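For reference, the chains in residue letters:
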Amino acid sequence: MRENAVAARDAASRDMACAGNDRHDVPTDFERLAELAISRRGFLKGSAAFGASAFVLGAGAALHPAKAAAASLDFTPVAANGLDTVTLPEGFGWQVVARWGDPLWSDGAPFDHASRGTAASQERAFGDNCDGMALFAHEGRSVLAVNNEYTNLKIAFANRDSGKPETEDDVRKSKATHGVSVFEIARADGAWGIVQDSPFNRRITPDTPMAITGPARGHAMMRTAADPEGATALGTWNNCGNGRTPWGTYLACEENFNGYFSSSDPDLALPAGFARYGIKHEDRGYGWAMTDERFDISRHPNEPHRAGYVVEIDPLDPASVPKKRTALGRFKHENAEVTLAADGRVVVYLGDDERGEFLYRFVSDGRYTEGGDNADLLESGTLSVARFADDGSGAWIALTPEATGMASAAEVCIHTRQAASAVGATTMDRPEWVAVNPHAAEAYCCLTNNKNRGVKPNAGGDATPVGGPNPREKNKYGQIVRWRPADGDHAADAFAWDLYVVAGNPTVHRDDRAGSANVSADNMFNSPDGIAFDSQGRLWIQTDGKYSDEGDFAGQGNNMMLVGDPASGEIRRFLVGPRECEVTGITWSADRTTLFVGIQHPGEKGDSHFPEGGDAAPRSAVVAITRDDGGAIG
Ligand code: FEO
Ligand code: CA
Ligand code: CA
């Protein structure tokens, strides 16, 4: 960060219209707006994005400020670029750990670049489009659980003229690219790799048997011909972000589950609730209903009610049955950020990534006890939705049958979006990942972008007014909102919020599209998506945005990963991904000397051969990042 920006940032008590204003001669409309909002909500010295320090609720209840404890960001930021590789600061290196199609067992066929694999090879291999992940250390071993969100049909089926699955084997292959891959990794001669045939290795796919748990279990809307009890479901797919629990389980979050269903009856009247979730007569080209009638909504109209949940998986027991946790609601889940309330109840923050949808919180009924039986803490609790006020305050509104007008808790857990609409939740700019600061009672959520903000309502007809945590019309760049719960307790129903950063392009725009004061020509980015804290309290921000490097996005290059200081607001670019990828998924080795990052869909439009180069097929990959001096990296 440039010196004048640092100086501006430190001048915490200065007029907001000038503080951090290192690129404008006069305050922009947005800065005036921000100044107004900040003074209205009673910030003592301004938020981190605009200057640092504590703030209070409008009602005057003091909240715990973030500790200024984040370790210094000891690297030289990298410049934006459009290279087809991973770019890191000097003193850091990277290597591939696992690529799409790498066999997890020695009887699996190596990835074939010409055919892009078969059903048989894919079922024994790492899935495609890696996303959220977590490393579980167990008796000196490292087990990685990784979501395989989806597959790019034109890449996976480049061997077909149609660029789509055409045969039964193709559909099986497509399904096996999805789900979750669990596998052991180990470091030999400094390099991490897959431990083939490890007893921990497992593929979880759209066909893996799962238990349905929580309020929706057994409800009439959950019953199908194959499962008249509404208690078991097959599989998980489109698993985006993830979570991990203090009791050692992995949470895989089902996001765009809708795009796999279709109707063989073109005149089918869609059941109530389908439109809100984007379930239509046509799928997104996957064709799973061709060979699996579960995905034909004209034959099995309740099947879509059995997807869109958070799935809890025991990564250390390959024989365990994954559990769909309906208590955490049904929507297009991004990640599931788990923390504990002051009294030991489990708190899970959950984003619903769709334009104008909502931000949720689950608080368990039971309490976590170290070493105790915590297996079913996610089975029952209170699901709430966020309502943000323009004055910087906010509240969690419980989605009870009484509050929502719904008949039962089961209905709330199945038609969660409609329940949240009924209580007047705040429509958001696509809530992506949430991260909780391990050193302060605060949480951050990426609001990635929203071209519909201020333009049209969400799919439920809720208005999307410009304001509050969604301050820009036709929001192209995104922002990160953070909140601090009252009394420092994540189970409290009141919170105070501000914007940690408003992304933009100050080299192109001088209005609110320039971004907040902690955005400069040197660190600018768009569409924050993945977000996580490291053990030192640094905030890692991953992007899934426009990589045209033109127009509104000129100078921003490929998608990237940045590091933010929650206390000062300083943000530096740490990594630039290869062409046409998004950077998503982050976890660390037990000794914190390796940072694992996901590179998803390089070459989604045809312009990458990452990671192998030459004429190779582009392959999503988990990469390991280490310091040349072997030191900790988070
Ligand atoms: Fe799968 Fe919202 O990203
Ligand atoms: Ca995402
Ligand atoms: Ca995204």
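A quick note: this is a predicted structure, and the numbers were derived from the prediction, not measured.

About the criteria used
- Residues numbered from 1 in each chain as written.
- Chains lettered and ligands numbered in written order.
- Predicted model: local features only at pLDDT ≥ 70, side-chain atom pairs only at ≥ 80, totals over all residues.
- Heavy atoms only, no water.
- Donors = N, O, S within 2.8 Å, 3.2 Å for Na, K, Ca; no water.
- Buried < 20%, exposed > 50% of the residue type's maximum accessible area, 1.4 Å probe, protein only.
- Pairing = 2+ DSSP bridges.
- Helix = DSSP H or I, 4+ residues; strand = E, 2+ residues; numbered from the N terminus.
- Axes fitted to C-alpha atoms, helices over the stretch in contact; angles between N-to-C directions.
- Polar contact = N/O pair within 3.5 Å; in protein donor to acceptor, adjacent residues only side chain to side chain.
- 1 Å grid on protein atoms, 1.4 Å probe; cavity = no way out; pocket = protein on both sides within 12 Å on 5 of 7 lines; lining within 4 Å.
- Points joined across faces, edges and corners; volume = space filled by probe spheres on them.
- Nonpolar A, V, L, I, M, F, W, Y, C, P; charged D, E, K, R; others polar.
- Core = buried A, V, L, I, M, F, W, Y, C linked by side-chain atoms within 4.5 Å.
- Contact = heavy atoms within 4.5 Å.
- pLDDT = per-residue confidence, 0-100.
- Phe/Tyr/Trp six-rings, centres within 6.5 Å; stacked < 30°, edge-to-face > 60°.
- Lys NZ or Arg CZ within 6 Å of the ring centre and 35° of its normal.
- Lys, Arg positive; Asp, Glu negative; His and termini not counted.
- Salt bridge = Lys/Arg side-chain N within 4 Å of Asp/Glu carboxyl O.

Trainee: So what's going on with the coordination of the calcium ion (ligand 3)? Residues and values would help.
Mentor: On the protein side, the calcium ion (ligand 3) has Glu 432 (OE), Asp 529 (OD) and Asp 544 (OD) as donor atoms, found 2.3 to 2.4 Å from it. Considered as a linear motif, the donors of the calcium ion (ligand 3) on their single chain read E-x96-D-x14-D. Accessibility expressed as a relative area gives 2% for Asp 529, which makes it buried. Among the residues examined, Asp 544 registers a relative accessible area of 24% and is labelled partly exposed.

Trainee: Could you give an account of the coordination of the calcium ion (ligand 2), with specific residues and numbers?
Mentor: Protein coordination of the calcium ion (ligand 2) is provided by Glu 334 (OE), Glu 432 (OE), Asp 529 (OD) and Asp 529 (OD), with donor distances spanning 2.2 to 3.0 Å. Within one chain, the residues donating to the calcium ion (ligand 2) are spaced in sequence as E-x97-E-x96-D. A relative accessible area of 0% means that Glu 334 is categorised as buried. You can call Glu 432 buried: its relative accessible area is 1%.

Trainee: Give a description of the sheet that holds strand S17 (residues 393–398) that names residues and reports values.
Mentor: Taken in spatial order, the nine strands make up an open sheet running S13-S14-S15-S16-S17-S21-S20-S19-S18, and their pairing is antiparallel. Looking at which strands have only one partner, the edges of the open sheet turn out to be strand S13 (333–340) and strand S18 (431–436). Each adjacent strand pair in this sheet contributes to an overall mean axis angle of 30°, direction not counted. Relative to strand S14 (residues 345–352), S13 runs antiparallel, the two being bridged by six bridges. From the neighbouring strand, His 333 faces S14, where its bridge partner is Asp 352.

Trainee: Could you give an account of the environment of Thr 416, naming the residues involved and the relevant values?
Mentor: Structurally, Thr 416 can be placed in helix H8 (residues 416–422). Between the C-alpha atom of Thr 416 and that of Arg 330, which follows or precedes it by 86 residues, the distance is 5.6 Å. For Thr 416, the side chain forms a polar contact with the main-chain nitrogen of Arg 330, separated by 2.9 Å.

Trainee: Go over the layout of surface pockets, please, and point to the residues and values.
Mentor: In this structure, the second largest pocket occupies an estimated 870 Å³ of space. Lining the second largest pocket we find 35 residues, and of these Arg 244, Glu 337, Val 338, Val 436 and Phe 533 sit closest to its centre. Those elements that provide at least two residues to the lining of the second largest pocket are strand S2 (130–138), strand S9 (239–244), S13, S18, strand S22 (528–533) and strand S26 (582–588). Of the residues contributing to the lining of the second largest pocket, the split by class is 20 nonpolar, eleven polar and four charged.

Trainee: Can you explain the nonpolar core? Please cite residues and give values.
Mentor: Val 348, Leu 350, Tyr 360, Val 385 and Leu 399 are the most contacted members of the largest nonpolar core, which has 50 residues in total. Setting aside anything within four residues of it in sequence, one finds Val 348 in contact with Leu 328, Ala 336, Glu 337, Val 338, Tyr 360, Arg 361, Phe 362 and Leu 378. Val 86, Val 563, Leu 595 and Val 597 belong to the second largest nonpolar core, which has 22 residues in total.

Trainee: Hey, could you go over empty space enclosed by the protein for me, with residue numbers and the actual values?
Mentor: Under the criterion given, the structure shown has six cavities of 30 Å³ or more. Approximately 50 Å³ is the volume attributed to the second largest cavity. Every residue along the wall of the second largest cavity is listed here: Trp 100, Asp 128, Asn 129, Asn 152, Ile 155, His 601, Pro 602, Pro 618, Arg 619 and Ser 620. The residue makeup of the lining of the second largest cavity, split by class, is four nonpolar, four polar and two charged.

Trainee: Got a sec to walk through helix H5 (residues 168–177)? Specific residues and values, please.
Mentor: Residues separated by three or four positions in an α-helix point in the same direction, a consequence of the helix having 3.6 residues per turn. For H5, the tally of buried residues reaches seven of ten residues, placing the bulk of the element in the interior. Restricting attention to buried positions, one finds in H5 the residues Asp 170, Val 171, Lys 173, Ser 174, Lys 175, Ala 176 and Thr 177. Tucked inside the fold, the buried residues of H5 contact helix H3 (119–123), strand S3 (141–148), helix H4 (153–156), strand S4 (179–188) and strand S6 (202–204).

Trainee: Describe the confidence of the model for the protein, and please don't skip the residues or the numbers.
Mentor: Mean pLDDT over the protein stands at 91; residues scoring 70 or higher make up 88%. Counting contacts from residues 1–69, a segment whose pLDDT is below 50, to residues more than four positions away or on other chains yields 135 contacts.

Trainee: Please set out the packing of aromatic side chains residue by residue, giving values where relevant.
Mentor: Counting across every chain of the model gives 32 aromatic pairs. For the ring pair Trp 288 and Phe 295, a centre distance of 5.2 Å and an interplane angle of 80° mean the geometry is edge-to-face. Residue Phe 295 is classed as buried on the basis of its relative accessible area, which comes to 0%. Between Trp 396 and Trp 483, the ring centres sit 6.2 Å apart and the planes meet at 70°, which makes this aromatic pair edge-to-face. You can see Trp 396 sitting in strand S17 and its partner Trp 483 sitting in strand S20 (residues 479–485), a full 87 residues away along the chain. Here Trp 396 and Trp 483 have matching classes, each one buried. Clustering of aromatic rings is evident, with ring pairs tying together Trp 237, Tyr 260, Phe 261, Tyr 286, Trp 288 and Phe 295. Seen from the ring of Phe 157, Lys 173 lies directly overhead, with NZ or CZ sitting 4.6 Å from the centre.

Trainee: Now, about the sheet that holds S22: what can you tell me, with residues and values included?
Mentor: Taken together, four strands build an open sheet; the order of strands is S22-S23-S24-S25 and the sheet is antiparallel. Looking at which strands have only one partner, the edges of the open sheet turn out to be S22 and strand S25 (571–576). Across the sheet, the axes of successive neighbouring strands diverge by a mean angle of 25°, strand direction being ignored. Bridging between strand S24 (residues 560–564) and S25 involves five bridges; their strand directions are antiparallel. When the bridges of S25 are listed, Gly 564 appears paired with Ile 571.

Trainee: Could you give me a rundown of the side chain of Glu 337, with the residues and numbers involved?
Mentor: Examined against the element boundaries, Glu 337 turns out to sit in strand S13. Buried charge without a salt bridge: Glu 337, with Arg 244 as the nearest opposite-charge side chain at an N-O distance of 8.8 Å. Within the local environment of Glu 337, its side chain forms a polar contact with the backbone nitrogen of Val 436, the two atoms lying 2.8 Å apart.

Trainee: Lay out unusual backbone geometry in plain terms, naming residues and giving numbers.
Mentor: The omega angle of the peptide bond from Phe 610 to Pro 611 is 0°, so this bond is cis rather than trans. With respect to the helices and strands, Pro 611 occurs in the loop between strand S27 (594–600) and strand S28 (621–627). Look at Glu 139: it is not a glycine, yet its phi comes out positive at around 50°. With respect to the helices, strands and loops of the structure, Glu 139 is situated in the loop between S2 and S3. Judged by its relative accessible area of 73%, Glu 139 falls in the exposed class. Backbone geometry at Ser 527 places phi at a positive 60°, although glycine is not the residue there. Mapped onto the elements of the fold, Ser 527 is located in the loop between strand S21 (494–502) and S22.

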